[in-house]
Amino acid sequence: MQKQLWLVASVLALTGVPSSVAGQETRIPLDPKMVVNERDRGNPEAMVDEQARIGDPPSGKPESTWKVNSKYWKTFPYSAYLDLGQERNLSSLWLFDTFNNGELVLYAGTPQKWQQVARHETLKYMQWTKVQLDITTRYLRIERVKPSCIFSEIAIYEYTPEAHRQMLAEKEAAEKER
């Protein structure tokens, strides 16, 4: 029994999920129709077009990527946002990092009124990586700063109501300790 608990604690520590909220997140179903391209170039809907193939938790190797023709690479950054349909308590975004190193910036808010919530370097090779969010929003904007930011699929998770309350309480307690 003690060995099993140690294994669970180790997995939670490696994934970055606080042990108190692990297992209390659900994946949000994403669909290409939810994606709004903020430029007239590229195909950002490709970042959510293989949802049925990636599993839960995300695994496997999705293939399609958000492409921008190389003749437009000098006009980066490129961005798109997802309309999640309603306010959601987002816990994390997972992305399948493919090739190259580039910067990804995530924003919450509403169209034309964005607030940066995370920055992520795509440094992995053919691996799923997690970006912690801990935000409440209906819209999530994803910005590829340079052409070298290449990933092929995303998955977005939200907290259950109980887990969200618990996460907020833990953050408040941590702030008081500082």
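Okay, so let's go over this structure. Starting afresh in each chain, residues are numbered from 1 along the sequence in its written order. For this predicted model, a pLDDT threshold of at least 70 governs which residues receive local features, and a threshold of 80 or more governs which side-chain atom pairs are given and counted, while totals over whole chains, interfaces and linings are taken from all residues. Neither water nor hydrogens contribute to the side-chain values; these are computed over all heavy atoms in the structure.

Focus: the overall build of the protein
Condition: Numbering of helices and strands starts at the N terminus; helices are DSSP runs of H or I of at least 4 residues and strands are runs of E of at least 2. Between buried and exposed lies partly exposed: a residue is buried under 20% and exposed over 50% of the maximum accessible area for its type, with that area taken using a 1.4 Å probe on protein chains only. Only heavy atoms enter the contact rule, under which two residues are in contact if any of them lie within 4.5 Å.
Of regular secondary structure, the protein possesses three helices and seven strands. Counting from the amino terminus, helix and strand elements in the protein follow one another as α-β-β-α-β-β-β-β-β-α. Within the protein, buried positions represent 44% of all 178 residues. Of all intrachain contacts in the protein linking residues separated by at least 6 positions in sequence, the fraction that spans at least 24 positions is 78%.

Let's talk about the environment of Tyr 81
In this structure, Tyr 81 sits in strand S3 (residues 78–97). The spatial distance from the C-alpha of Tyr 81 to the C-alpha of Leu 140 is 5.4 Å, given a sequence separation of 59 residues. If we ignore the near neighbours within four places in the chain, the residues touching Tyr 81 are Met 34, Val 35, Val 36, Glu 38, Pro 111, Trp 114, Tyr 139, Leu 140 and Arg 141.

Description of the packing of aromatic side chains
Heads up, the condition is: When the centres of two rings from Phe, Tyr and Trp lie within 6.5 Å, Trp using its six-membered ring, the rings pair. Their planes under 30 degrees apart give stacked, over 60 give edge-to-face, and anything left gives tilted. As a reminder, the over-ring test applies to NZ of lysine and CZ of arginine, requiring each to be within 6 Å of the ring centre and within 35 degrees of the ring normal.
Here the structure, examined in full by the defined rule, presents six aromatic pairs. Ring centres 5.8 Å apart and planes at 80 degrees place the aromatic pair Tyr 81 and Tyr 139 in the edge-to-face group. Pair noted here: Tyr 81 is in strand S3 and Tyr 139 is in strand S6 (residues 127–144), with a separation of 58 residues, a long-range link. Summarising the burial analysis for this pair, Tyr 81 and Tyr 139 share the class buried. Here the aromatic residues Tyr 81, Trp 114 and Tyr 139 are joined through ring pairs into a cluster of three or more. If you follow Arg 141 out to its NZ or CZ, it ends over the ring of Tyr 107, 5.0 Å from the centre. Positioned over the ring face of Trp 66 is Arg 144, at 5.5 Å from the centre of the ring.

Observations concerning helix H3 (residues 161–177)
Where we set the bar: To estimate how far a helix should extend, the number of its residues minus one is multiplied by 1.5 Å. Starting at the helix axis, one direction is taken to each C-beta atom, and the arc is that of these directions.
With 17 residues, H3 should cover 24 Å at 1.5 Å per step; its first-to-last C-alpha distance of 25 Å lies within 8% of that length. The complete set of buried residues in H3 reads Ala 163, His 164 and Met 167. One side of H3 holds all its buried residues, which, seen down the axis, span an arc of 100 degrees. Turned more than 90 degrees away from the buried face of H3, the exposed residues are Pro 161, Arg 165, Lys 176 and Glu 177. Buried residues along H3 sit against S3, S6 and strand S7 (151–159).

Some words on the nonpolar core
Using the following cut-off: For this analysis, a nonpolar core means a set of buried residues of the types Ala, Val, Leu, Ile, Met, Phe, Trp, Tyr and Cys, connected via side-chain atoms within 4.5 Å.
With 29 residues, the main nonpolar core has Met 47, Leu 82, Leu 93, Ile 142 and Ile 154 as its most contacted residues. Elements supplying a minimum of two residues to this core: S3, strand S4 (103–110), S6 and S7. Excluding residues that lie within four positions of it along the chain, Met 47 makes contacts with Val 35, Trp 66, Ala 80, Leu 82, Ile 142, Phe 151, Ser 152, Glu 153 and Ile 154. Of all hydrophobic cores here, the second largest spans six residues; its members include Trp 94, Phe 96, Ala 155 and Tyr 157.

Side note on the pattern of salt bridges
Cut-off, in case you're wondering: In what follows, salt bridge is the name for a side-chain nitrogen of Lys or Arg lying within 4 Å of a carboxyl oxygen of Asp or Glu.
All chains considered together, the criterion is met by ten salt bridges. Note that Arg 41 and Asp 40 form a salt bridge whose closest N and O atoms lie 3.5 Å from each other. Look at Asp 40 and you get exposed, because its relative accessible area is 66%. Its salt-bridge partner being Arg 138, residue Asp 83 comes within 2.7 Å of it at the nearest N-O pair. Residue Asp 83 is located in strand S3, and its partner Arg 138 is located in strand S6; the two are separated by 55 residues in the primary sequence. Through salt bridges with shared partners, a single network forms among Glu 38, Arg 141 and Glu 143.

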